[in-house]
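# Breakdown of the fold
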Amino acid sequence: MTERRKERRIPLGCKVGIRPYGGGPTVVGICVELGVGGMTIHSSHVPRMDEVFEVAVLPPESGGTYMPLHARVRVRRCHGLEQAGLYEMGVEIIEIIR
């Protein structure tokens, strides 16, 4: 399989809050990796292709006082994982908020 990304992504493993547009509760997931143009998220949220929503990536809990990364993202891929009810989505960062 050929790597299509141009930007390098770094492993992260931080909690992420997913806030769907149009209401609904915030869903908690894990930001598996983060790069300049996007991120990979594991979550129970099942998005539509090209769905746009906001995320808040929480900083690691160890040391320091860091602010969450708030961004508007667009879903570019999604597939189910072996663990029932868990999905992996690749999202493109459209806009950094705050």
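Residues numbered from 1 in each chain as written. Predicted model: local features only at pLDDT ≥ 70, side-chain atom pairs only at ≥ 80, totals over all residues. Heavy atoms only, no water.

### Focus on the overall build of the protein chain
Secondary structure summary: the protein chain contains zero helices and six strands in total. Its helices and strands in sequence order give the protein chain the pattern β-β-β-β-β-β, from N to C terminus. Looking at the 98 residues of the protein chain, the share that counts as buried comes to 36%. When the accessible area of the protein chain is evaluated, it comes to approximately 6,600 Å², of which 55% is carbon and sulfur surface. (Helix = DSSP H or I, 4+ residues; strand = E, 2+ residues; numbered from the N terminus. Buried < 20%, exposed > 50% of the residue type's maximum accessible area, 1.4 Å probe, protein only. Areas by Shrake-Rupley, 256 points an atom, 1.4 Å probe, with all protein chains shown as cover.)

### Overview of the pairing of strand 6 (residues 87–97)
Two elements, strand 3 (residues 38–43) and strand 6, share six bridges in a ladder whose sense is antiparallel. Pairing of glycine 38 across the sheet is with glutamate 92, part of strand 6. Two elements, strand 5 (residues 69–80) and strand 6, share 10 bridges in a ladder whose sense is antiparallel. Looking across to strand 6, one finds that histidine 79 is bridged to glutamate 88. (Pairing = 2+ DSSP bridges.)

### Let's talk about the side chain of glutamate 51
Here glutamate 51 shows up in the loop between strand 3 and strand 4 (52–57). Since its relative accessible area comes to 7%, glutamate 51 is described here as buried. Beyond its immediate sequence surroundings of up to four residues, glutamate 51 is in contact with Pro20, His45, Val73, Arg74 and Val75. (Contact = heavy atoms within 4.5 Å.)

### So, the nonpolar core
By size, the foremost hydrophobic cluster in this structure holds 17 residues, and its most contacted members are Met39, Ile41, Phe53, Val55, Val73 and Val91. With near-sequence residues (within four places) excluded, valine 73 lies in contact with Met39, Glu51, Val52, Phe53, Val55, Val91, Glu92, Ile93 and Ile94. (Core = buried A, V, L, I, M, F, W, Y, C linked by side-chain atoms within 4.5 Å.)

### A closer look at the sheet that holds strand 2 (residues 27–35)
Strands sit in the order 1-2-3-6-5-4 around a closed barrel of six strands; the barrel is antiparallel. Each strand of the sheet is rotated relative to its neighbour by a mean of 45 degrees, with strand direction disregarded. With four bridges joining them, strand 2 and strand 3 adopt antiparallel strand pairing. Paired with cysteine 31 across the bridge in strand 3 is isoleucine 41. (Axes fitted to C-alpha atoms, helices over the stretch in contact; angles between N-to-C directions.)

### Observations concerning the pattern of salt bridges
Tallied over the full model, the rule gives seven salt bridges. Among the ionic pairs, glutamate 54 bridges to arginine 72, the shortest N-O distance being 3.1 Å. You can see glutamate 54 sitting in strand 4 and its partner arginine 72 sitting in strand 5, a full 18 residues away along the chain. By relative accessible area, glutamate 54 is classed as buried at 14%. Between arginine 77 and glutamate 88 there is a salt bridge, and its shortest N-O distance comes to 3.1 Å. Remark: glutamate 88 occurs in strand 6 and arginine 77 occurs in strand 5; sequence separation between them is 11 residues. Relative accessible area serves as the criterion here: at 29%, arginine 77 is assigned to the partly exposed category. (Salt bridge = Lys/Arg side-chain N within 4 Å of Asp/Glu carboxyl O.)

Such coordinate-based values are descriptive only and should not be taken to indicate function.
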